[in-house]
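Residues per chain, in single letters:
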Amino acid sequence: MVTPHGSQETSYLLPLREEDWEGQGTPDFVYGQEELLARGIPWPQDASGMSGAWPLSRFDSAICSAWRQRMELGLFRYHLGELQTQILPGAVGFVAQLNVERGVQRRRPQSIQSVRQPFDPAQFNFNKIRAGEILFRLHRQPRAPGALQQEDILVVINVSPLEWGHVLLVPEPARALPQCLLPGVLRAGVEAVLLSLHPGFRVGFNSLGGLASVNHLHLHGYYLAHRLPVEGAPSKPLDPRGRLHLLQALPAPGFLYHTRGPGPDLEAMVSRVCRATDYLSEHEIAHNLFVTRGAPPGKSSPCSALTGVRVILWARKSSFGVKEHQAFNVALCELAGHLPVKTSQDFTSLTEAAALTLIQDCLLPPAQAEEVRAALVALVAQEEQ
């Protein structure tokens, strides 16, 4: 758990009286490129000590102070304390956490039949949340000419949190955007990772059919005080210039994109990833995406070598609706090696082999996976034309 110590960021707190919440408006968190921390943010020697003091950036302090207050005010569906956590024995290093309340009390997923399903204003969406659930608006200072358009992003609590600081990054809700990734939104997610001093702040995206439960464009962001296998897992290049790699290690092969930090390299990566997700959406292929500080592509690297940002994209079988009787549902964090488990019995009995079976059952059959791989390689090759 991340806890702010001595934070001076009080402007993101709600007024004491609930009747004043609507009137105060949404505060802005305005940041500049100098706050994007591209240098390596190392894990400590003993990651288990993360529940104590940890250096926080201005962004971390804003999220943690405001998120803690909303928890104290009872705006979540349940109180999230320290989660029982274990590293499953085996080669992968799965981080399993028991989160019974989320399994029981989270909102039922919407009825989804297509990866490209249009937005439906009659369904639950982020125009219907309470004013107190909004922490702040994430806003980038004006950028150089030629940069991709910057989205203003609402940072909203996830009322059924996976872990401490679990938020949703939502572009202007009134635009009624369906759950299909856009470049400006992905860039905001990558920059959110770079704004944090915590190596365990990750961002991710679930497509429709990839276990997104709300068809209204959003990313997830949350803190997890544990290393994950995807941070330093080995990869092999799929194009001669190294712009697309195949992440080869368990728990699941995925497409790996990497950026050293803000600037043209990040802009190019964002465009590249969104061309890939556009292709997957157009072909009704569900997908999940995970953004984390990580090692450059190539051979296996120690997790301490977090010298850039890894974006991992998985194409997978469509899954519409929650599988009630499975130990966990396979979405962005499970594919990265973080397993929120629903019941004490499953948490006690879960093995690496059982976890891998659940995850690999969600992957595309080999022939279709090869077809997707060829298509994404071709998209990268078109950049040279």
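Rules and cut-offs
Residues numbered from 1 in each chain as written. Predicted model: local features only at pLDDT ≥ 70, side-chain atom pairs only at ≥ 80, totals over all residues. Heavy atoms only, no water. Salt bridge = Lys/Arg side-chain N within 4 Å of Asp/Glu carboxyl O. Buried < 20%, exposed > 50% of the residue type's maximum accessible area, 1.4 Å probe, protein only. Helix = DSSP H or I, 4+ residues; strand = E, 2+ residues; numbered from the N terminus. Phe/Tyr/Trp six-rings, centres within 6.5 Å; stacked < 30°, edge-to-face > 60°. Lys NZ or Arg CZ within 6 Å of the ring centre and 35° of its normal. Expected span 1.5 Å × (residues − 1). Contact = heavy atoms within 4.5 Å. Pairing = 2+ DSSP bridges. Lys, Arg positive; Asp, Glu negative; His and termini not counted. Polar contact = N/O pair within 3.5 Å; in protein donor to acceptor, adjacent residues only side chain to side chain. Axes fitted to C-alpha atoms, helices over the stretch in contact; angles between N-to-C directions. Parallel < 35°, antiparallel > 145°, perpendicular 65-115°, else oblique. Left-handed = near helix turned anticlockwise from the far one by under 90°. Nonpolar A, V, L, I, M, F, W, Y, C, P; charged D, E, K, R; others polar.

Student: Let's hear about the pattern of salt bridges: which residues, and what values?
Tutor: Summed over all chains, the structure comprises 14 salt bridges. When the shortest N-O distance is used, the salt bridge between Arg-17 and Asp-20 registers 3.0 Å. Judged by relative accessible area, which is 48%, Arg-17 ranks as partly exposed. Residue class for Asp-20 comes out partly exposed when judged on its relative accessible area of 29%. We note a salt bridge from Arg-58 to Glu-35, for which the minimum N-O separation is 2.8 Å. Within this pair, whereas Arg-58 is found in helix H1 (residues 58-72), its partner Glu-35 is found in the loop between strand S1 (28-31) and H1, the two being separated by 23 residues in sequence.

Student: Before we move on, can you summarise the packing of aromatic side chains with the specific residues and values?
Tutor: Counted under the stated rule, the structure contains 10 aromatic pairs. Note on Phe-29 and Phe-59: the rings are 5.9 Å apart at their centroids and 75° apart in plane angle, and the pair reads as edge-to-face. Pair noted here: Phe-29 is in strand S1 and Phe-59 is in helix H1, with a separation of 30 residues, a long-range link. One residue, Arg-58, lies across the ring of Phe-29, its end atom 4.1 Å from the ring centre.

Student: Give me helix H4 (residues 264-282): which residues, what numbers.
Tutor: Given a rise of 1.5 Å per residue, 19 residues ought to cover 27 Å, and the 27 Å separating the end C-alpha atoms of H4 matches this to within 8%. Regarding H4, the residues found buried are Leu-266, Glu-267, Met-269, Val-270, Arg-272, Val-273, Cys-274, Ala-276, Thr-277, Tyr-279, Leu-280 and Ser-281. Taken together, the buried residues of H4 touch helix H3 (183-195), strand S11 (254-259), strand S12 (286-294), strand S13 (308-316) and helix H8 (366-381). Directly after H4, the chain includes Glu-284, whose backbone phi takes a positive value near 55°.

Student: Can you break down the pairing of strand S3 (residues 95-98) residue by residue, with the values?
Tutor: In S3, alternate side chains face the same way, and those of Val-95 and Gln-97 on one face and Ala-96 and Leu-98 on the other are all buried. Of the pairings in the sheet, the one linking strand S2 (residues 85-87) to S3 comprises 3 bridges and is antiparallel in character. Following the sheet pairing, Gln-86 is matched in S3 by Ala-96. Bridge analysis of S3 against strand S14 (residues 338-341) gives 4 bridges, and the strand direction is parallel. Looking at S14, one finds that Val-95 is bridged to His-338.

Student: Residue-level account of the side chain of Arg-102, with values.
Tutor: Inspection of the secondary structure puts Arg-102 in helix H2 (residues 100-105). Buried and without a salt bridge, Arg-102 has Glu-334 as its closest oppositely charged side chain, separated by 6.9 Å. One polar contact links the side chain of Arg-102 to the main-chain carbonyl oxygen of Ser-160, over a distance of 2.4 Å. Once residues lying within four places of it in the same chain are set aside, the contact partners of Arg-102 are Tyr-78, Asn-158, Ser-160, Pro-161, Leu-162 and His-166.

Student: Describe unusual backbone geometry, naming the residues involved and giving the relevant values.
Tutor: Looking along the chain, the bond that leaves Leu-250 and enters Pro-251 is cis, with omega of 15°. Even without being glycine, Leu-211 reaches a positive phi, approximately 80°. Tracing the backbone through its elements, the reader meets Leu-211 in the loop between strand S7 (201-206) and strand S8 (219-223). Located in the positive-phi region is Glu-284, a residue other than glycine, with phi close to 55°. Relative to the helices and strands, Glu-284 resides in the loop between H4 and S12. The class of Glu-284 is partly exposed, set by a relative accessible area of 31%.

Student: Can you break down the pairing of strand S5 (residues 153-157) residue by residue, with the values?
Tutor: Most of S5 sits out of view: 5 of its 5 residues are buried. In the sheet, strand S4 (residues 134-140) pairs with S5 via 4 bridges, with the strands oriented antiparallel. Bridge pairing links Leu-138 to Ile-153 in S5.

Student: Tell me about the packing of H4 against H8, and name the residues and values.
Tutor: How two helices pack is summed up by the angle between their axes together with the distance between the axes. The interhelical angle for the contact between H4 and H8, taken along N-to-C directions, is 140°, at an axis separation of 10 Å. One way to sum up the angle between H4 and H8 is to call them oblique. For the pair H4 and H8, the crossing hand works out as right-handed. Facing H4, whose interface residues are Arg-272, Arg-275, Ala-276, Tyr-279 and Leu-280, H8 presents Glu-371, Val-372, Ala-375, Leu-376, Leu-379 and Val-380. For the contact of H4 with H8, the residue count by class is 8 nonpolar, no polar and 3 charged.

Student: An account of the environment of Pro-253 is requested, with residue identities and associated values reported.
Tutor: Looking at the secondary structure, you find Pro-253 in the loop between strand S10 (245-247) and S11. Look at Pro-253 and you get partly exposed, because its relative accessible area is 46%. In sequence terms Pro-253 and Ile-312 are 59 residues apart; their C-alpha atoms lie 9.3 Å from each other. Apart from residues no more than four positions distant in its own chain, Pro-253 is found in contact with Leu-247, Trp-314 and Leu-363.

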